[in-house]
Amino acid sequence: MATVRLLSDDELSPESLEVFVDIRLTRGSDFVNNFWRALAHDPVTLKRTWEGIKAVMGPGALDPKVKEMIYIAVSVAHGCPYCIHSHTVGARGKGMTDAEYAELIAVIGMASETNRLVTALGVPIDEAFDVQ
């Protein structure tokens, strides 16, 4: 259950409406998801977050599908069901296959397990792994 009421388009401040227009133009879709509707109560945070998402998830050295898959992994690690779902849809829209998703989940699970083991055992970092 949301801790704030999700705003409809006709309830938006002019500043939030401006961000929604940019979301729609950037994504080429009329759909604005609940995350942005919840953030719309605070136009400053809405705009800052949207600008950050555009910068990080936009064109760059990493393939867009890879960025979505990384977002899924971090969302699993942080326990965010909303982000897991939205970025799984995003990754599938960018071509992620069922086999890639299954392998991604296997990697996330293995990394989680080995991270906990290393943490519990207090394993020191090998000198060979020092980044210069």
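Residues numbered from 1 in each chain as written. Predicted model: local features only at pLDDT ≥ 70, side-chain atom pairs only at ≥ 80, totals over all residues. Heavy atoms only, no water.

Along its length, the chain carries six helices and zero strands. The secondary structure elements of the chain, listed N-terminal to C-terminal, are α-α-α-α-α-α. Across its three principal directions, the C-alpha atoms of the chain cover 55 × 35 × 30 Å. Per-residue burial over the chain gives 26% buried out of 132 residues. Across the chain, every contact between residues at least 6 apart in sequence was considered, and the portion connecting residues at least 24 apart equals 48%. Accessible surface for the chain amounts to roughly 9,200 Å². Of this, 63% is attributable to carbon and sulfur atoms. For the chain, the separation between the mean place of its 12 positive charges and that of its 18 negative charges on side chains is 5 Å. (Helix = DSSP H or I, 4+ residues; strand = E, 2+ residues; numbered from the N terminus. Buried < 20%, exposed > 50% of the residue type's maximum accessible area, 1.4 Å probe, protein only. Contact = heavy atoms within 4.5 Å. Areas by Shrake-Rupley, 256 points an atom, 1.4 Å probe, with all protein chains shown as cover. Lys, Arg positive; Asp, Glu negative; His and termini not counted. Charge placed at Lys NZ, Arg CZ, Asp CG, Glu CD.)

Okay, the environment of Ile105 next. Secondary-structure assignment places Ile105 in helix α6 (residues 98-121). Residue Ile105 is classed as partly exposed on the basis of its relative accessible area of 37%. Considering only alpha carbons, one finds Ile105 and Ala73, 32 residues apart in sequence, at a separation of 7.9 Å.

Where helix α4 (residues 64-78) contacts α6, the two axes come as close as 10 Å, and the packing angle between them is 40 degrees. The orientation of α4 relative to α6 falls into the category oblique. Helix-helix and strand crossings are classified by hand; for α4 and α6 the assignment is right-handed. The segment α4 lies against α6, with Lys65, Met69, Ile72, Ala73 and Val76 engaging Glu100, Leu104 and Ile108. Along the lines of polarity and charge, the residues of the contact of α4 with α6 split into six nonpolar, no polar and two charged. (Axes fitted to C-alpha atoms, helices over the stretch in contact; angles between N-to-C directions. Parallel < 35°, antiparallel > 145°, perpendicular 65-115°, else oblique. Left-handed = near helix turned anticlockwise from the far one by under 90°. Nonpolar A, V, L, I, M, F, W, Y, C, P; charged D, E, K, R; others polar.)

This part takes up the pattern of salt bridges. As enumerated under the stated definition, the model contains eight salt bridges in all. The closest approach of N and O atoms between Lys54 and Asp22, which form a salt bridge, is 2.6 Å. You can see Lys54 sitting in helix α3 (residues 43-57) and its partner Asp22 sitting in helix α1 (residues 14-27), a full 32 residues away along the chain. Taking the relative accessible area as the measure of exposure, Asp22 reaches 22% and is therefore partly exposed. Of the charged contacts in the structure, one is a salt bridge between Glu68 and Lys94, with a shortest N-O distance of 3.6 Å. Highlighted residues: Glu68 in helix α4 and Lys94 in the loop between α5 (81-93) and α6, separated in sequence by 26 residues. For Glu68, a relative accessible area of 8% gives the class buried. Overlapping salt bridges bring together Asp9, Arg24 and Arg37 as one network. (Salt bridge = Lys/Arg side-chain N within 4 Å of Asp/Glu carboxyl O.)

Interaxial distance between α1 and α3 falls to 9 Å at its minimum, and their mutual angle equals 20 degrees. With respect to α3, the element α1 is oriented roughly parallel. When the axes of α1 and α3 are compared, the crossing they make is left-handed. Across from Glu15, Ser16, Val19, Phe20, Asp22, Ile23, Thr26 and Arg27 in α1, the residues of α3 making contact are Pro43, Leu46, Lys47, Trp50, Glu51 and Lys54. Of the residues contributing to the contact of α1 with α3, the split by class is six nonpolar, two polar and six charged.

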